[in-house]
Amino acid sequence: MARTRTKDLAQDEVSTKRKADTLVETVKLAKSTAVDELDDDEALETPKSKKRTSKRVKVEENKVDEQLPIAKKRTSKKAKETATELADEDKNGTLESAEPKKRTAKKAKVKGAEIAPLEERSVGSKLRVGAHVSIAGGVHNAISNLLHIGANAFALFLKNQRKWDNPAMDPEHATLFMDGCKKHSIQPGDCCLPHGSYLVNLAHPDAERKKQAYKSFHDDLTRCHQLGIRLYNFHPGNCNATTRENGIKLIAENVNKAHRDPSTGQVVTVLETMASLGNTIGGTFLDLAEIIALVENKERIGVCLDTCHIFAAGYDLRTPDAYAATMKEFDDVIGLSYLKAFHINDSKAPFRSHRDLHARIGTGYLGLRSFHNIVNDERLHGLPMILETPIEVVGEDGKKKEDKTIWAREIKMLEKLVGMDVDCAEFQTLEKTLFDEGTSERERVGDQVERKKKKDATPKKSKRKKVEVNSDTESDE
Ligand SMILES: [Zn+2]
Ligand SMILES: [Zn+2]
């Protein structure tokens, strides 16, 4: 889909060498502590060499059951109410509505706030890098969570992203959020990019579904306005129930309606680029351009470019030339002035695979050079860049938990890539270390994609096979 275009961006003004060692050191350290988030079955599997040969058979046997251990785990987790769950739930925002739970969450958070940050926020960086943080216990907790990882930008869910409820935002939490921003010189208008609900599909033609989706969307926008947040990111939707053309029209109608309502202030609605094709809207730049064309208030519409998604959708970023061509296509089709933010994720799935599988920076098929290209593009400096990379690790007790040091390190690493020479020893070592770290996952998912391709190319076979191939859960974000 990415049309071939001439490239004109010269990317190599970079020469400043920076002190190297620390970064590579931290990555090494990371490698030793962080176990990649493999599925349970796989974590127990034999080392790589055996894996490749035995896997094809093994994967086929296990695939059907793969969801089971996870499901079980969730149930038992709920019973235990572990700390991890708290974080999970928070993203859901459910704690905001449940009174007794709220108190527990608050206590936990106060404790959390006392913990020294993993990294200090960088001062004077040309980038605004951060991550999608939790609001467990209330929206104000996003502040301590972003300080904890040294972020200069952040995303959050404004309420449970998997439920249709729109419980009112606690005014006390809202005040604490704004006070926290002031206290720490955080401008939520410039560096905060909330993420919309996963349920909302603004392209749905059915009257009831349309009403429900709009209500949630509109409610989120009013929250942004109340909190002083200027940008709001959402998935455009899908046209499962209508034509693409009509779906695009419906999205723009909903956006226009929300823009006209004064309770949404001047919040800018930001369309996210998507990985899939089929009925998903937003898998091509053209989809987004067509929505924008129908939006009346052009000041209040924009695009968030997800690096993993566009790569999976067929837009390359890996070399300076490929990167320049992709950005030129974005400019030609949509217009760079509409680019408001980034989701910064590497991809576990290969180019043009249309799979949404986020990887840690430098460990996926995009590789460190893609991100070097991005952070050294001065046109993008100052835009919020949000990490949605996987941070789940397996602790010493064998339980899965979140390791926030991964984000803290990735933020510092991206900031450091600005002005770094790709030929210097530091970059080369870093690139190789991260590439090696991701090898087994790249091979695993790469195999999966190849098998699916072959399967799709041959006439339909038995039902069993269908289940086998689609194993990984898509990232959703
Ligand atoms: Zn994603
Ligand atoms: Zn998303």
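What counts as what
- Sequence positions are assigned chain by chain, starting from 1 and proceeding in written order.
- Whichever chain is written first is A, and whichever ligand is written first is 1; the rest continue in order.
- Note on the predicted model: pLDDT of at least 70 is required for a residue's local features to be given, and 80 or more for side-chain atom pairs to be given and counted; whole-chain, interface and lining totals, by contrast, use all residues.
- Strands are runs of DSSP state E lasting at least two residues, helices are runs of H or I lasting at least four, and both sets are numbered from the N terminus onward.
- Partly exposed residues are those falling between the two cut-offs: more than 12 but fewer than 20 other C-beta atoms within 10 Å of their own, whereas 20 or more means buried and 12 or fewer means exposed, with C-beta atoms placed from the backbone.
- Nonpolar cores are built from buried Ala, Val, Leu, Ile, Met, Phe, Trp, Tyr and Cys residues. These are joined into a set through C-beta atoms within 7 Å.
- Each residue is represented by a C-beta atom placed from its backbone, and any two residues with such atoms within 7 Å are regarded as in contact.
- Axes here refer to lines fitted to C-alpha atoms; in helices the fit is confined to the stretch in contact. Angles between the N-to-C directions go from 0 to 180 degrees.
- Convention used here: angles under 35 degrees read as roughly parallel, angles over 145 as roughly antiparallel, angles from 65 to 115 as roughly perpendicular, and any remaining angle as oblique.
- In a left-handed crossing the near helix is turned counterclockwise from the far helix by less than a right angle, and in a right-handed crossing that turn is clockwise.
- Residues are grouped as follows: Ala, Val, Leu, Ile, Met, Phe, Trp, Tyr, Cys and Pro are nonpolar; Asp, Glu, Lys and Arg are charged; every other residue, Gly included, is polar.
- When DSSP finds two or more bridges between two strands, those strands count as paired.

### Things to note about the overall build of the protein chain
In terms of helices and strands, the protein chain carries 18 helices and 13 strands. For the protein chain, with 477 residues in total, the buried portion stands at 43%.

### Description of the nonpolar core
Ranked by internal contacts, the top residues of the largest apolar core, which has 103 residues, are A142, F154, L156, I251, I386 and L414. In this view, A142 contacts V133, I135, F154, L156 and F177; residues no more than four positions away in its chain are not counted.

### Re unusual backbone geometry
The phi angle at S185 is positive, at roughly 50 degrees, despite the residue not being glycine. When you line up the elements, S185 lands in the loop between α8 (171–183) and α9 (188–191). On the basis of neighbour counts, which here come to 8 C-beta atoms within 10 Å, the residue S185 falls in the exposed class.

### Brief notes about the packing of helix α12 (residues 285–294) against helix α14 (residues 320–333)
The interhelical angle for the contact between α12 and α14, taken along N-to-C directions, is 25 degrees, at an axis separation of 9 Å. Of the possible angle classes, the one that applies to α12 and α14 is roughly parallel. Two packed elements cross with a definite hand, and for α12 against α14 that hand is right-handed. In this structure, α12 contributes F285, L286 and A289 to the contact, and α14 contributes E329, F330 and V333. Here the residues of the contact of α12 with α14 sort into five nonpolar, no polar and one charged.

### Concerning the sheet that holds strand β8 (residues 339–344)
With parallel pairing, the seven strands of this open sheet are ordered in space as β2-β1-β11-β8-β7-β5-β3. Unpaired on one side and paired on the other, β2 (153–155) and β3 (231–234) mark the two borders of the sheet. Within this sheet the neighbouring strands show an average axis-to-axis angle of 30 degrees, counted without direction. When strand β1 (residues 128–132) meets β2, the two strands line up parallel, connected through three bridges. For G130, the partnering residue across the bridge sits in β2 and is A153.

### Considering the packing of helix α10 (residues 207–227) against helix α11 (residues 244–260)
One way to put it is that α10 packs onto α11 with a least axis distance of 10 Å and a crossing angle of 40 degrees. With respect to α11, the element α10 is oriented oblique. Considering the relative orientation of α10 and α11, their crossing is right-handed. Across the interface between the two elements, Y214, F217, H218 and L221 of α10 pack against N254, K257 and A258 of α11. Along the lines of polarity and charge, the residues of the contact of α10 with α11 split into four nonpolar, two polar and one charged.

### Here's the deal with the pairing of strand β5 (residues 268–272)
Burial of β5 is extensive: five of the five residues sit out of reach of the surface. The alternating pattern of β5 places V268, V270 and E272 and T269 and L271 on opposite faces, both of which are buried. Both β3 and β5 contribute to a ladder of four bridges, which runs parallel. Bridge pairing in β5 places F234 opposite L271. Sheet analysis places β5 next to strand β7 (residues 301–306), joined by four bridges and oriented parallel. Note on β7: the bridge partner recorded for V270 is G302.

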